[in-house]
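Listed here are the chains, written in short residue letters.
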Amino acid sequence: RIEHPQSLINASQYGAAAGHPALGAADYKLALHLPSGRSVYTFCMCPGGTVVAAASEPESVVTNGMSEYARDGENANSALVVSVDAADYGVGPLAGMAFQRKLERGAFLLGGSDYRAPAQSVKSFLEGSAPDLSRASVTPTYSCGVKEAALRELFPQQVNRMLEEGLRRFNHKLPGFADADAVMTGAETRTSSPVRITRSPESLQALGIEGLYPCGEGAGYAGGIMSAAVDGVRVAEKIMEIYG
């Protein structure tokens, strides 16, 4: 998760109109697609929000983000995501899950093995210098606390390269994105499911398991709230068609 002052995002998006009472907390959506097929993009942007804990296993750290209805928190946060493939995590139907678990366990260890999350200023990440949160004005909002750590130690080299490229490019699109004030907290590993439960294209039931209808993000058929909702509607309509 990358956090900025919400005031910076408002100024970058609204310009001179920033602070007008008719305008809510500004958001953004950024993406970079390279000829290599690699992509880096922001995901699940939370205006005026907080970074929250989302681990589902012991001795692991997973970050996520949320905004309350008022969106009136001091920070904006977003997932900063790099696409990965078999070149990163190997072959096998559950290789993606093993890679995900390795990152979550690594974040736990890097954060001090007490469920704090590793965090670093964007400036020190880009410079490759020692992590120093005092160089950032943003106070990390992660609910279990953070520990200064070098996030480059957590991710594979190619992921670090893409993060660096994305941060620098996004700074041109949204001035201030890679400023010294920004903070990154790791690791967000739950952007999409690493496996897919195979289902019949006709009945939408799981192959070999009658009456089970896998759908949405957890089953591997969506990549966000809206696409999960659409897939859920599709499955519900199929169930009504069969049993109605």
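So, here is what we can say about the structure in this document. (Residues numbered from 1 in each chain as written. Predicted model: local features only at pLDDT ≥ 70, side-chain atom pairs only at ≥ 80, totals over all residues. Heavy atoms only, no water.)

A word on the nonpolar core. In this structure, Ile2, Leu80, Leu167 and Phe177 are the most contacted members of the largest nonpolar core, which totals 39 residues. At the level of elements, helix 1 (6-14), strand 3 (39-46), strand 6 (75-82), helix 3 (95-110), helix 4 (122-127) and helix 5 (157-173) are the ones that each hand at least two residues to this core. (Core = buried A, V, L, I, M, F, W, Y, C linked by side-chain atoms within 4.5 Å. Buried < 20%, exposed > 50% of the residue type's maximum accessible area, 1.4 Å probe, protein only. Helix = DSSP H or I, 4+ residues; strand = E, 2+ residues; numbered from the N terminus.)

Moving on, we come to helix 3. Taking 1.5 Å of rise per residue, 16 residues should cover 22 Å, and helix 3 covers 22 Å from first to last C-alpha, within 8% of that figure. Those residues of helix 3 not exposed but buried are Ala95, Gly96, Phe99, Gln100, Leu103, Glu104, Ala107, Phe108 and Leu110. The secondary structure elements touched by the buried residues of helix 3 are helix 2 (86-89), strand 7 (117-121) and strand 8 (146-148). Glycine 112 lies just past helix 3 and shows a positive phi near 105°. (Expected span 1.5 Å × (residues − 1). Contact = heavy atoms within 4.5 Å.)

Our focus in this paragraph is the sheet that holds strand 1 (residues 2-5). In a beta sheet, neighbouring strands are held together by backbone hydrogen bonds and run either parallel or antiparallel to one another. Pairing is mixed across the open sheet formed by seven strands, whose spatial order is 2-3-6-1-9-7-8. On the outer flanks of this sheet lie strand 2 (31-33) and strand 8, each paired with one strand and no other. On average, each strand axis in the sheet is tilted by 30° relative to the strand beside it, whichever way the strands run. Of the strand pairs in this sheet, strand 7 and strand 9 (residues 183-185) are connected by three bridges, and their pairing is antiparallel. Across the sheet, the residue bridging to alanine 119 is threonine 185, located in strand 9. This element, helix 1, spans strand 1 and strand 6 of the sheet and lies at about 75° to strand 1. (Pairing = 2+ DSSP bridges. Axes fitted to C-alpha atoms, helices over the stretch in contact; angles between N-to-C directions.)

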